[in-house]
Amino acid sequence: MVRFDQVVGQDHIKEFFRNAVLTGNVPHACILSGEKGMGKRKLAEAFAENLLCEKGGAEACGECHSCKQTASGSHPDLIFVTHEKPASIGVDDVRKQIQDTIVIRPYNGRYKVYIVDEAEKMTVQAQNALLKTIEEPPSYGVILLLTENLNMFLPTILSRCVQLKCRPVSDQAGKAYLMEQLHIPEEKAEVYAAFGRGNIGKMVDFAMSEKFQNMYDKMVYLLEHIKEMDISDLLNCIRELKDDDVDVYDCLDFMQLWYRDVLMYKVTRDINLMIFKDEHNAINEICEKSGYDGLELILQAIDKARVRLNANVNQDLALELMLLTMKEN
């Protein structure tokens, strides 16, 4: 079973759901929005389990018959809406799995809960079909729509649903989770948390990924030897990473965090404020050779490279201009 305390952060959503269960003021339709990995599915499942729990407390008991059914994936009143076409949720999916079944009262308890993952994939026809159910829902019906993109919904759907947006978690909370739950060493957990940028799912993925470790090693080598390497060699390093299916934007994020550490250490001389603590010696050496103005120019060059890539400028050209600035400063 899924409990609210298994979801890192999102306290505002947990509090809303807990209050809904305790007061009985349960919305018939909610949209949970946020990036993949932010905990939408876990929040929806925890809310569903609480609603279906026979004891009706702020947390599902995990012991009653209903909780055991939910944990085993066999609860008849918890429906996960599926779709055959990977790119869309069609009107037939909504009619067969929601409209045709929601008229049947719950087998157990007070509620019948529907979870629609990737709900942004609903076609206009499917949303219009769902709208009829949302406008006149049965008292026991609860529909939870999970999405990464609110802009794909019709205004009529948005206006009739309670909207709950997942927020980024702090680096500190992410680091604590990685250390406590996955037993990641503190120095590594700090790096993964920084790269996750508030997304706990991404933090975990980075911690478990050989691809990330490969990128880490190659990027550290590149940044430590950038002064003596030719531009062609530097570009080849990044091309090799791309061939290994590493996103070039992750490389830019790495560089940005690296030079943020260089600047931070140059100002404070406090290793505790660094993300790349394991690379302290290399960063200290760069500090000694680089001035404040030069470091500022490098950070600006990384930002410019990101803007150019977003504008579809030739990748090699955008990266070459950035790397030249990094070599010179």
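In the nomenclature of an unreviewed UniProt entry, the protein chain corresponds to DNA polymerase III subunit delta' from the organism Candidatus Lachnoclostridium pullistercoris. Taken from UniProt, the Catalytic activity (unreviewed entry) comment for the protein chain reads in full: "DNA(n) + a 2'-deoxyribonucleoside 5'-triphosphate = DNA(n+1) + diphosphate".

Let us look at helix α11 (residues 231–243). Given a rise of 1.5 Å per residue, 13 residues ought to cover 18 Å, and the 18 Å separating the end C-alpha atoms of α11 matches this to within 8%. Three or more residues of α11 are buried, namely Ile231, Leu234, Leu235, Cys237, Ile238 and Leu241. For α11, the buried positions fall inside an angular range of 150° around the axis, keeping them on one side. Taken together, the buried residues of α11 touch α10 (210–224), α12 (248–268) and α15 (315–328). Directly beyond the C-terminal end of α11, a positive phi value near 70° is found at Asp245.

Our next topic: the nonpolar core. Core analysis: the largest hydrophobic core is formed by 59 residues, its most contacted members being Phe254, Met255, Trp258, Tyr259, Phe276, Met322 and Leu323. For this core, the elements supplying multiple residues, two or more each, are α8 (186–196), α9 (200–208), α10, α11, α12, α13 (280–289), α14 (292–310) and α15. By residue number, the principal contributor to this core is α12, which donates ten residues. Apart from the residues lying within four places of it in its own chain, the contact partners of Tyr259 are Leu223, Ile226, Leu295, Ile298, Leu299, Ile302 and Met326. In this structure, Phe17, Ala46, Leu146 and Leu164 belong to the second largest nonpolar core, which totals 27 residues.

Along an α-helix, residues three or four apart share an orientation, since each turn contains 3.6 residues. The end-to-end C-alpha separation of α14 is 28 Å, in line with the 27 Å expected for 19 residues at 1.5 Å each. Along α14, the residues that are buried comprise Gly294, Leu295, Ile298, Leu299, Ala301, Ile302, Ala305, Arg306 and Leu309. With its buried residues spanning 150° around the axis, α14 presents them on a single face. Every exposed residue of α14 that faces more than 90 degrees away from the buried side is listed here: Asp293, Val307 and Asn310. Check the buried side of α14 and you find it contacts α12 and α15. Immediately downstream of α14, the backbone of Asn312 shows phi near 65°, a positive value.

A few words now on the sheet that holds strand β1 (residues 29–33). With parallel pairing, the five strands of this open sheet are ordered in space as β2-β3-β4-β1-β5. Only two strands of the sheet have a single neighbouring strand rather than two, namely β2 (78–80) and β5 (162–165). The average undirected angle you get between the axes of adjacent strands in this sheet is 20°. The sheet contact formed by strand β3 (residues 112–116) and strand β4 (residues 141–147) spans five bridges and is parallel. If you follow Tyr114 over to β4, its bridge partner there is Ile143. The strands that helix α4 (residues 91–102) touches are β2, β3 and β4; relative to β3, the one it contacts most, it runs at about 165°.

Another aspect to go through is the pattern of salt bridges. Summed over the entire model, instances satisfying the criterion amount to 18 salt bridges. A salt bridge links Glu63 to Lys55; the nearest nitrogen and oxygen atoms lie 3.6 Å apart. A residue is classified by how much of its surface remains accessible, and Glu63, at 55% relative accessible area, is exposed. One salt bridge connects Arg260 with Asp261, and the closest N-O pair in it is separated by 2.7 Å. Looking at Arg260, the relative accessible area reads 30%, which means it is partly exposed. Residue classification places Asp261 among the buried positions, given a relative accessible area of 0%.

Let us now look at a nonpolar patch on the surface. There is a patch of nonpolar side chains on the surface, built from Val313, Leu317, Leu321 and Leu324 and spanning about 280 Å² of accessible area. Looking at the element boundaries, Val313 is found in the loop between α14 and α15.

Looking now at the environment of His225. Looking at the secondary structure, you find His225 in the loop between α10 and α11. By relative accessible area, His225 is classed as partly exposed at 22%. The spacing of His225 and Lys327 is 102 residues in sequence and 9.6 Å in space, taken between C-alpha atoms. Among the polar contacts listed, one links the side chain of His225 to the backbone oxygen of Tyr221, at a separation of 2.8 Å.

On to the packing of helix α7 (residues 171–181) against α9. Interaxial distance between α7 and α9 falls to 10 Å at its minimum, and their mutual angle equals 45°. Here α9 runs oblique to α7, going by the angle between their axes. Remark: the crossing between α7 and α9 carries right-handed chirality. The segment α7 lies against α9, with Gly174, Tyr177 and Leu178 engaging Ile200, Met203, Val204 and Ala207.

Analysis parameters
- Residues numbered from 1 in each chain as written.
- Predicted model: local features only at pLDDT ≥ 70, side-chain atom pairs only at ≥ 80, totals over all residues.
- Heavy atoms only, no water.
- UniProt positions renumbered as here; feature names shortened; annotations may be inferred.
- Helix = DSSP H or I, 4+ residues; strand = E, 2+ residues; numbered from the N terminus.
- Expected span 1.5 Å × (residues − 1).
- Buried < 20%, exposed > 50% of the residue type's maximum accessible area, 1.4 Å probe, protein only.
- Arc of directions from axis to C-beta.
- Contact = heavy atoms within 4.5 Å.
- Core = buried A, V, L, I, M, F, W, Y, C linked by side-chain atoms within 4.5 Å.
- Pairing = 2+ DSSP bridges.
- Axes fitted to C-alpha atoms, helices over the stretch in contact; angles between N-to-C directions.
- Salt bridge = Lys/Arg side-chain N within 4 Å of Asp/Glu carboxyl O.
- Patch = residues over 30% accessible without salt bridge, like charges linked within 9 Å, V, L, I, M, F, W, Y side chains within 5 Å.
- Areas by Shrake-Rupley, 256 points an atom, 1.4 Å probe, with all protein chains shown as cover.
- Polar contact = N/O pair within 3.5 Å; in protein donor to acceptor, adjacent residues only side chain to side chain.
- Parallel < 35°, antiparallel > 145°, perpendicular 65-115°, else oblique.
- Left-handed = near helix turned anticlockwise from the far one by under 90°.

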